[in-house]
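Structural characterization, general
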Amino acid sequence: MPAVNAKKTTAAASEPATQRANAQATLPNLANSDAAPLYEKVKRHMSEAILVGEWQPGMVLPNETALAQGFGIAVGTVRRAMSDLVAEGLLSRRRKTGTVVTGRSPHHSLRFFFQYFRLHRADGSLTRSTSQMLSVEHAQATPEQAALLQIKPDAEVVKLHRIRHADGKPVMHDRLVLAAERVPGLPRDPAALPQLLYLHLLERYGVRISAVREQIAADLANDEDIALLDLSGREAVLTIEEVAYDQAGVPTILGQHRATTRAHIYVNEVR
């Protein structure tokens, strides 16, 4: 996570620059890029710093040149990332001041699925989730899976089962199916898989999840739900069937999610 020692915008706009504190940045070096576009990495680091409160509302960021030097990348790459964040409302450009953290609550685009997910606290506040991979299996695709993923009927798929926790409680378990040919070398050991699957797909394989089609319903908890989500009995659970598409519109992940909304609400502001 980038840490920036930047000042608040408490000084008047006409205040001489010599009276202002210099903003210093300590940023991760992103020069050694892998499959993910560099500007996407910069956006992720910067947006995470804002969302978790490391970059406070009203904070003036270092200029583009200083940020580029901190990241170890070109100024143009930083400029593109910052322009996107300005368009999304996380940053604002002010004359004689610079680029400022707005403090606005952003719409939760798919980019925020890297760290956050769609079950929020009952008061609507954003909660960070953690996930634990329960199993990884390789199998032949079923006819339905092959059709939905647009792969050959006898193609191999990877099936993942994981559980998500929020605020220290189990709240959702997911079953995910991916075409094995799209994720060569994906670890078979559940403990070796990264928690942030979407981010791993982007950084390792260049696959950016750009759209999700969901079907939402309600069901009574089954035995697996009761055990995994620590339920008291046949409570109502939220069920989500989804197909996630990459940047080219290719179906990439089939997902089945079962969640308790006892202490959380479902928020969908994907755009």
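Residues numbered from 1 in each chain as written. Predicted model: local features only at pLDDT ≥ 70, side-chain atom pairs only at ≥ 80, totals over all residues. Heavy atoms only, no water.

**Focus on the pairing of strand β7 (residues 156–166)**
As a reminder, the rule being used: Exposure is judged per residue with a 1.4 Å probe applied to protein chains only, and the accessible area is read against the type maximum: over 50% gives exposed, under 20% gives buried, and values in between give partly exposed. Comment: elements are numbered from the N terminus, with helices defined as DSSP H or I runs of at least four residues and strands as E runs of at least two. Strand pairing is assigned whenever DSSP identifies at least 2 bridges connecting the two strands.
Counting buried positions along β7 yields 8 of 11 residues, so the element is predominantly enclosed. Two strands pair when backbone bridges link them, and β7 and strand β8 (residues 169–179) are joined in this way by 10 bridges, in the antiparallel orientation. When the sheet's bridge partners are listed, Arg-162 is paired in β8 with Asp-174.

**Quick notes on the packing of helix α2 (residues 64–71) against helix α3 (residues 75–87)**
The condition is simple: Convention adopted: a line fitted to C-alpha atoms gives each axis, helices being fitted over their contacting stretch, and angles between N-to-C directions are expressed from 0 to 180 degrees. Throughout, the term roughly parallel applies to angles under 35 degrees, roughly antiparallel to angles over 145, roughly perpendicular to angles from 65 to 115, and oblique to all others. The handedness criterion is simple: a crossing whose near helix is rotated anticlockwise from the far helix by less than a right angle is left-handed, and one whose near helix is rotated clockwise is right-handed. We call two residues contacting when some pair of their heavy atoms lies within 4.5 Å. Residues are grouped as follows: nonpolar covers Ala, Val, Leu, Ile, Met, Phe, Trp, Tyr, Cys and Pro; charged covers Asp, Glu, Lys and Arg; every other residue, Gly included, is treated as polar.
Where α2 meets α3, the axes come as close as 8 Å, and the angle between the chain directions of the two elements is 110 degrees. The pairing of α2 with α3 is recorded here as roughly perpendicular in orientation. Considering only the axes of α2 and α3, their crossing is right-handed. Counting all contacts with α2, which are made through Glu-64, Thr-65, Leu-67, Ala-68 and Phe-71, the residues of α3 involved are Val-75, Val-78, Arg-79 and Met-82. Across the contact of α2 with α3, the residue classes tally to 6 nonpolar, 1 polar and 2 charged.

**As for the environment of Asp-167**
For clarity, the cut-off: As used in this structure description, the phrase polar contact means that two N or O atoms lie within 3.5 Å; if the pair is within protein, one of them must be able to donate a hydrogen and the other to accept it, and residues adjacent in sequence are counted only when both atoms belong to side chains.
Within the secondary structure layout, Asp-167 lies in the loop between β7 and β8. Remark: the alpha-carbon pair of Asp-167 and Thr-127, spanning 40 residues in sequence, is separated by 7.4 Å. Of note is the side chain of Asp-167, whose polar atom sits 3.4 Å from the side chain of His-264.

**Description of the nonpolar core**
For the record, the criterion: Put simply, buried Ala, Val, Leu, Ile, Met, Phe, Trp, Tyr and Cys residues joined by side-chain atoms within 4.5 Å make one nonpolar core.
Judged by nonpolar contacts, the single largest core of 19 residues is most densely connected at Met-46, Trp-55, Leu-61, Val-78, Met-82, Leu-91 and Val-101. Of all the secondary-structure elements, those providing two or more residues to this core are α1 (38–51), α2 and α3. Those residues within four positions of Val-101 in sequence are excluded, and the remaining contacts are Ile-50, Trp-55, Gln-56, Pro-57, Gly-58, Met-59, Leu-61, Leu-90 and Leu-91. By size, the runner-up hydrophobic cluster in this structure holds 18 residues, among which are Leu-178, Tyr-198, Leu-201 and Ile-209.

**Concerning the pattern of salt bridges**
What counts is decided by this rule: For salt bridges, the criterion is a side-chain nitrogen of Lys or Arg within 4 Å of an Asp or Glu carboxyl oxygen.
According to the stated counting rule, one finds 12 salt bridges in the structure shown. Between Asp-84 and Lys-43 there is a salt bridge, with its nearest N and O atoms 3.1 Å apart. Of this pair, Asp-84 sits in helix α3 while Lys-43 sits in helix α1, placing them 41 residues apart in sequence. Members of the salt-bridge network, linked through shared partners, are Glu-64, Arg-79 and Arg-93.

Keep in mind these values describe shape, not function.
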